[in-house]
Amino acid sequence: MLKVKSGWKNWQLLTEKGRHIWAFKPGSSNINEHLQNADNVTDEEVIQFTEDFQFDKFSNPNSGDKVYRHAAINEKFQAFAGKILQVESSEAQQAIDALVKGINYYSCLQSDDGHWPGDYGGPLFLLPGLLIASYISETPFPKAHREMMKVYLFNHQNKDAGWGMHIEGESTMFGTVMQYVSLRILGVDKNHEQLIKAREWIGDNGGATGIPSWGKFYLSILNLYDWQGFNSLFPEMWLFPKWLPVHPWRYWCHTRMVYLPMAYCYAERIKVPENALILSLRQELYNEAFETIDWPKQRTTVCEKDCYTTPSPVLKWMNFFTNNYEKCKLPWLRKKATDYILKYLNAEDEQTNYLNIGPVNKAINSICIWHAYGKDSEQFKKHVARWYDYLWVAEDGMKMSGYNGSQLWDTAFSTRAILESDLGKLFPATLEKSYQFIDLSQIKSEHATHTEFFRHPMIGSWPFSTAEQGWPVADCTAEGLSATLALHHSGLVKPIIDEQRIKQAIDTLLSYQNADGGWATYELTRSAKWLEKLNPSEVFADIMIDYSWTECTAACVISLLEIQEDYPEYKSSEIHKAVSTGLSFIVKQQKTDGSWYGGWAVCFTYATWFGIEAIGKAKGKGYCDDAILVDSINKACAFLVSRQKTDGGWGETFESCSKLVYTEAATSQVVNTAWALLALMAANFGDKKIIENGINMLLKRQSDIGDWPQENISGVFNYNCMITYSNYRNIFPIWALSRYCR
Ligand code: LAN
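As the structure is a computational prediction, the values presented were derived from the model and not from experiment.

Rules used in this analysis
- Residues numbered from 1 in each chain as written.
- Predicted model: local features only at pLDDT ≥ 70, side-chain atom pairs only at ≥ 80, totals over all residues.
- Heavy atoms only, no water.
- Helix = DSSP H or I, 4+ residues; strand = E, 2+ residues; numbered from the N terminus.
- 1 Å grid on protein atoms, 1.4 Å probe; cavity = no way out; pocket = protein on both sides within 12 Å on 5 of 7 lines; lining within 4 Å.
- Points joined across faces, edges and corners; volume = space filled by probe spheres on them.
- Nonpolar A, V, L, I, M, F, W, Y, C, P; charged D, E, K, R; others polar.
- Near = heavy atom within 4 Å.
- Areas by Shrake-Rupley, 256 points an atom, 1.4 Å probe, with all protein chains shown as cover.
- Sits in = over half its atoms within 2 Å of the grid points.
- Axes fitted to C-alpha atoms, helices over the stretch in contact; angles between N-to-C directions.
- Parallel < 35°, antiparallel > 145°, perpendicular 65-115°, else oblique.
- Left-handed = near helix turned anticlockwise from the far one by under 90°.
- Contact = heavy atoms within 4.5 Å.
- Pairing = 2+ DSSP bridges.

Draft legend 1. Quick look at the environment of aspartate 625. Position of aspartate 625 among the secondary structure elements: in the loop between helix H23 (604-618) and helix H24 (626-643). With 284 residues separating them in the primary sequence, aspartate 625 and isoleucine 341 have C-alpha atoms 49 Å apart.

Quick look at the structure:
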């Protein structure tokens, strides 16, 4: 039995068709009932259950998803009792046993609807947005939730009393002020010892005037910053003619969907009325009297601990014009712009069933909809109901997830990992359920308003999380398709995803390829790289357009190669060309040391695995000049070998992502090790000792019941913010062992 602390037992994850809701003492599955329970807790109860969420950030800031996992394991775990393959070599036998144990443990974490729920926290600027939405709209979370949020925020305070952008990061003004304000909104007294120290951190680093622009935005909403201290978001830009290269329809969809509601709030200068808390916070956050601050001057003040990208001269020049336009704006044009924005916000809400594309616009759209239609409107109530989809409980408290989950992504990877060797067939029920989830998650129709609001055609695609959320992603489509093909090959499932649906997925994949031969994330690249000069965020890089990435491209190439084998007749010359140009893109992205940089996970080991996997699969099949492919693989393998640690493993830290150079972790990491091993095995690397040493490291780290430890954070976005993928610690070791056993 795993130890489930009694405080953890109050929380139970309810899942349905991929939806996640953490319920407090749920008696029935009625959502309102457990929210009531969560509001009715007594102070004594709170003291008791929050004690069980004390968490030692300083031994490892990454929680191990123990609340969900320990309950699931205690409920379902049984040692594997079936027939396991017996072989003569004791080394091979060890790997086989570890693999079966690993899958057996992991399959207990699968929910009844077929996906693998998991902690998707990490960034620290998300929960504050949601709390601000709840504060301004006077729609508080139930008491139990509020207490759990406090616990989480305190648990992640750094030794210097500040907070980072994400759980592993050093303190920044953005992180610190946002968590500070959140704790105050949650009712923590300003004389709380940890807040006094945090205030010192803020003061010592120049005060909250230096918060980066996204923070300036949130503080303006709270009436803790003057809107004049925020560069204009020029709402009229949404009325630009579509052919202009700077029209926002061409931005990366996340940037577009965040700056859209921000522009509405800016146009309406939304702010909470002054009250005792706000007046007090104005004194707490600044080194000077609030009334004396020269706001226009603060537009460009950014604490140096926060600066990741520096504003370009073009941006400064543009800000000069748009800020001055505010003084003489045309009211009818402003009205036309905000009407348009509101219409767009409503469309996004409806298209995503009020989940929205991500956690940031989820919070800001809620604010806009509350402002436009009021607290009692149907639209606002629908927003509030979906706040809970973004909350997650782990042993470090209650956090906001970086998405409404990573459901489809994890399920597709898990399926492929399990099916890579025949031993996966020992788990037919698990795979049957995965298939049901993959079937459910494929997007089957288009929204009525999809062209009007610039959505890429999506029938046949797969999303990252759930069909309800419904934003299709290129490489999620590839992974969904690859997992489907693997399941069909296994003979374990009745193929419900028929030929027509497979062809729709292929068509979508093809439609996603960029002119540079690569694949981006959600859409085609819609404008030029120079648009990055207008990136106003200071804390993120490369957010303005959707770029082609090595990993996304490799996933799509791999999937198309598999399709060519199974459906050789279908669009074969088009697919042939797509694969060839995709491969050239991948080869071009390779660094001189043989590695590839990974934009969506940490980091070089991740993308190098993708690069080798795609090239290895294509080699010898006439898509490209084989000499080039062989050379590329050799270089990549040499890179990996040069990074192997003495214990046989590999390990990178998140700084690989932000600094763009391989940054070795103090200890080997199971996830990095599994990626490196998968890559070397895909390349059929000659020196088997290297691979065996890596496999031994994975075997040593496995626990008795088949889990692996939660080590460093594995995911990233926009170079500078990290995100947790709690299932990676199981998926990739399982996959590497499957490949080894095969
Ligand atoms: C994700 C998660 C999944 C990820 C992969 C599929 C792994 C990747 O291969 C393509 C990009 C994608 C879809 C991706 C993009 C950026 C996201 C959506 C996220 C990292 C999850 C959260 C993040 C989002 C931007 C967070 C909100 C922050 C903002 C700066 C708006």
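Still to come is the rest of the account.
Draft legend 2. Quick peek at empty space enclosed by the protein. Inspection of the entire model under this criterion finds 5 cavities of 30 Å³ or more. In this structure, the largest cavity spans a volume of roughly 600 Å³. Trp252, His254, Tyr522, Trp600 and Phe717 are the residues nearest the centre of the largest cavity, which is lined by 35 residues in total. Its residues assigned to classes, the lining of the largest cavity shows 26 nonpolar, 7 polar and 2 charged. The wall of the second largest cavity is formed by 16 residues, among which Gln669, Val671, Asn712, Ile713 and Ser714 lie closest to the centre. For the lining of the second largest cavity, the elements supplying multiple residues, two or more each, are helix H26 (670-682) and helix H28 (728-741). If you tally residues by element for the lining of the second largest cavity, the top one is H26, at 4 residues.

Draft legend 3. Inspection of the site of the ligand at higher detail. Near the ligand lie 21 residues; those nearest to it are Tyr120, His254, Gly402, Phe464 and Asp475. Expressed as a share of its isolated accessible area of 630 Å², the protein-covered part of the ligand is 99%. A majority-of-atoms criterion places the ligand in the largest cavity. Of all the elements in the fold, those that place two or more residues in the shell around the ligand are helix H10 (253-268) and helix H19 (474-490). Tallied by class, the residues present in the shell around the ligand amount to 16 nonpolar, 4 polar and 1 charged.

Draft legend 4. Structural view of the packing of helix H21 (residues 550-566) against H23. Following both chains from N to C, one finds H21 and H23 inclined at 25 degrees, their axes separated by 9 Å at the closest point. Put simply, H21 runs roughly parallel to H23. Classified by chirality, the crossing of H23 by H21 is left-handed. Two secondary-structure elements touch here, H21 through Thr550, Glu551, Ala554, Ala555, Val557, Ile558, Leu561 and Glu562 and H23 through Tyr606, Ala607, Phe610, Gly611, Glu613, Ala614, Lys617 and Ala618. Across the contact of H21 with H23, the residue classes break down as 10 nonpolar, 2 polar and 4 charged.

Draft legend 5. Spotlight on the pairing of strand S4 (residues 397-400). Of the pairings in the sheet, the one linking strand S3 (residues 391-394) to S4 comprises 4 bridges and is antiparallel in character. Bridge pairing in S4 links tryptophan 392 to lysine 399. A loop of 2 residues connects S3 with S4, the two strands running antiparallel in sequence.

Draft legend 6. Geometry of unusual backbone geometry. With an omega of -20 degrees, the peptide bond running from valine 602 to cysteine 603 counts as cis. Mapped onto the fold, cysteine 603 is located in the loop between helix H22 (572-589) and H23. Even without glycine at this site, asparagine 353 takes up a positive phi of about 50 degrees. Checked against the element boundaries, asparagine 353 lands in the loop between helix H14 (331-351) and helix H15 (359-373). Non-glycine residue asparagine 684 carries a positive phi angle of around 55 degrees. Counting through the fold element by element, asparagine 684 comes out in the loop between H26 and helix H27 (688-701).

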